[in-house]
Amino acid sequence: MAGSADPRELFKRHKGNPILTAADLPRMVNAVLNPGATVLDGRTLLLLRVEHRTGLSSLLVATSEDGLSGWEIDRERHLQPRSERFEEHWGIEDPRITQIGEDYHVVYVGYSTAGPLVCHAVTRDFVEWEHRGVLQPPEDKDAALFPRLFDGRWALVHRPVSAMPGLGSHIWISFSPDLRYWGDSRILVPARRGGWWDANKVGLGPPPLLTRDGWLLCYHGVRTTASGSIYRLGLALLDRDDPSKVIARGNEWVFGPQEPYERGGDVPGVVFPCGWVLRDDGDTLHLYYGAADSSVCVAEASLSELLDHLETHPSATDATAPPGG
Ligand code: BMA
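Please read all numbers here as calculations on a predicted model, not as lab measurements. (Residues numbered from 1 in each chain as written. Predicted model: local features only at pLDDT ≥ 70, side-chain atom pairs only at ≥ 80, totals over all residues. Heavy atoms only, no water.)

**Comments concerning the site of the ligand**
Going by this rule: Each residue is tested against the molecule or strand, and it is near if at least one of its non-hydrogen atoms lies within 4 Å. Polar contacts, as used here, are pairs of N or O atoms within 3.5 Å; protein pairs need one atom able to donate a hydrogen and one able to accept it. Residues neighboring in sequence count only if both atoms are side-chain atoms. Here the open area of atoms and residues is found with the Shrake-Rupley method and a 1.4 Å probe, where only the protein chains shown may cover a residue. Note on residue categories: nonpolar means Ala, Val, Leu, Ile, Met, Phe, Trp, Tyr, Cys or Pro, charged means Asp, Glu, Lys or Arg, and polar means any other residue, Gly included.
Every residue close to the ligand is listed here: Asn34, Arg49, Asp94, Lys141, Tyr231, Val267, Val270, Phe272 and Asp293. Between the ligand and the protein, one listed contact pairs an oxygen atom with a side-chain N or O atom of Tyr231 at 3.2 Å. For the ligand, whose unbound accessible area comes to 310 Å², protein coverage reaches 85%. In terms of residue class, the shell around the ligand is built from 4 nonpolar, 1 polar and 4 charged.

Here it is in structure tokens:
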């Protein structure tokens, strides 16, 4: 890993970034971005969002031995949008992968004829897919499943958008007895207000990760500026047994666009992770993210340093309070 611009940064960018670009694909496409991540048969597997030169996206697998280099595009393993169906008519985007037993549960955005919504498909090999349909109606995205039950219920983090302007877009949590019917929905991490880096719009990054201190969330916050939006990343921690309870939410962002490949591209100023992998040492965390909606990158952090950071830095005391006031 190469050091990033400031050596005090928690996440260190890989010196080989970007690890995948449109030029790495066998056919001409516009961009590769926002990958989900997991490990399959001992290899790191990225489920890449590929934006074609139609503007519509599909999902394609790339694998690597060490999760950093030597990426191989897999022509056999992919998920195509079922464009005859309303929910995936304009493509599929931004997958998050949760392994439950031998199954990989992929929760992704369907670009439906009524706007973005949350879809679910299950696979064991990324070749054969069982489509489970729509989990949340539009507009909703940035969703992922937890890998275990809480008092007999599954939990989903997601980000619905209020139809009323000015109320903000917050991270929510919903519960289900069967992974199909969802309810008991509530705001989990509200967007802050005013001048904060994560004012007005937040959304989950990779799926929640179980740690010594609870479930670690990495989320993006969007700052609107005169020259466009800046997507940065922050951390929060949820109670191990009741994930609707926020234990901590860091006040400062921990990763933001700095390098030329993050500041220049189709959408400049964006780092957008959908996956991370905790390595066998139990501490090395690889965060996979889309840079500027154009390429795929990886940054490395120490999990214990991230948790220490949350413990020792100012954290929102009102993290669970509804926005406003
Ligand atoms: C979000 C999603 C992401 C995208 C990001 C920045 O709303 O659409 O796919 O990377 O915006 O453009």
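**Overview of the state of the cysteines**
Here is the rule: The term disulfide is used for any two cysteine sulfur atoms that are within 2.5 Å. Here's how the labels work: a residue is buried when its accessible area is under 20% of the maximum for its type, exposed when over 50%, partly exposed in between, all with a 1.4 Å probe on protein chains only.
In this structure the tally under the stated criterion is 0 disulfides. In this structure Cys218 is a free cysteine whose sulfur lies 10 Å from that of Cys274, the closest cysteine sulfur available. Assessed through its relative accessible area of 0%, Cys218 is described here as buried. Here Cys297 stays free of any disulfide, with the sulfur of Cys274 as its closest cysteine sulfur at 13 Å.

**Here's the deal with the pairing of strand 10 (residues 140–145)**
Cut-off, in case you're wondering: By the criteria applied, helices consist of DSSP H or I runs no shorter than four residues and strands consist of E runs no shorter than two, each listed in order from the N terminus. Strands are treated as partners if at least two bridges between them are detected by DSSP.
Where burial is concerned, most of strand 10 is hidden: 5 out of the 6 residues are buried. Relative to strand 11 (residues 154–160), strand 10 is paired through 4 bridges, and the arrangement is antiparallel. Within the sheet, the bridge partner assigned to Leu145 lies in strand 11 and is Leu156.

**Description of the packing of aromatic side chains**
Going by this rule: Any Phe, Tyr or Trp ring, taking Trp's six-membered ring, that has another such ring centre within 6.5 Å forms a pair; planes under 30 degrees apart are called stacked, those over 60 apart edge-to-face, and the others tilted.
One pass over the structure, following the stated rule, counts 12 aromatic pairs. Aromatic side chains Phe146 and Phe150 sit 5.4 Å apart centroid to centroid with 90° between the ring planes, which places their arrangement in the edge-to-face category. Phe150 matches Phe146 in its accessibility class, with the two residues each being buried. Measuring from centroid to centroid gives 5.2 Å for Phe255 and Tyr289, while their planes differ by 75°, and the two rings are edge-to-face. Pair noted here: Phe255 is in the loop between strand 18 (246–249) and helix 1 (260–263) and Tyr289 is in strand 20 (residues 284–291), with a separation of 34 residues, a long-range link. Residue classification places Phe255 among the buried residues on the basis of a relative accessible area of 0%. Overall, Tyr289 belongs to the buried group, its relative accessible area being 0%.

**Here we look at the sheet that holds strand 4 (residues 57–64)**
For clarity, the threshold we go by: To obtain an axis, a line is fitted to C-alpha atoms, over the contacting stretch when the element is a helix, and the angle between two such axes runs from 0 to 180 degrees between their N-to-C directions.
Strand order in the open sheet made by the 4 strands is 2-3-4-5, with antiparallel pairing throughout. Lying at the two open borders of the sheet, with one neighbouring strand each, are strand 2 (31–40) and strand 5 (72–79). With strand direction ignored, the average angle separating the axes of adjacent strands in the sheet is 30°. As judged from the 5 bridges shared by strand 4 and strand 5, these two strands associate in the antiparallel manner.

**Some remarks on the pairing of strand 3 (residues 43–51)**
If a strand is regular, its side chains alternate between the two faces of the sheet. Of all 9 residues making up strand 3, 8 are buried, and the element is well covered by its neighbours. Where strand 2 lies against strand 3, 8 bridges are found, and the strand directions are antiparallel. The partner of Val39 across the bridge, within strand 3, is Thr44. Turn length for the strand 2-strand 3 hairpin, with the two strands adjacent in sequence and antiparallel, is 2 residues, and the turn residue Asp41 shows positive phi of about 50°.

**Overview of the side chain of His120**
Applicable threshold: Residues are treated as being in contact if the distance between any of their heavy atoms lies within 4.5 Å.
Mapped onto the secondary structure, His120 falls in strand 8 (residues 115–123). One polar contact links His120 to His105, side chain to side chain, over a distance of 2.9 Å. Discounting residues that sit within four places of it in the chain, His120 has contacts with His105, Val106, Val107, Tyr108, Glu130, His131, Arg132, Gly133, Leu135, Leu145 and Leu179.

**Regarding the sheet that holds strand 19 (residues 271–278)**
For sheets, the rule is that strands pair by backbone hydrogen bonds, running either parallel or antiparallel. As summarised here, the arrangement of the 4 strands in space is 1-21-20-19, forming an open sheet in which the pairing is antiparallel. The outermost strands of the open sheet, each flanked by one partner alone, are strand 1 (12–13) and strand 19. Judged from the 7 bridges that link them, strand 19 and strand 20 form a sheet pairing that is antiparallel. Looking at the pairing, Pro273 lines up with Tyr289 of strand 20. Where helix 2 (residues 303–312) meets the sheet, its contacts fall on strand 19, strand 20 and strand 21 (295–302), and the angle it forms with strand 21 comes to roughly 75°.

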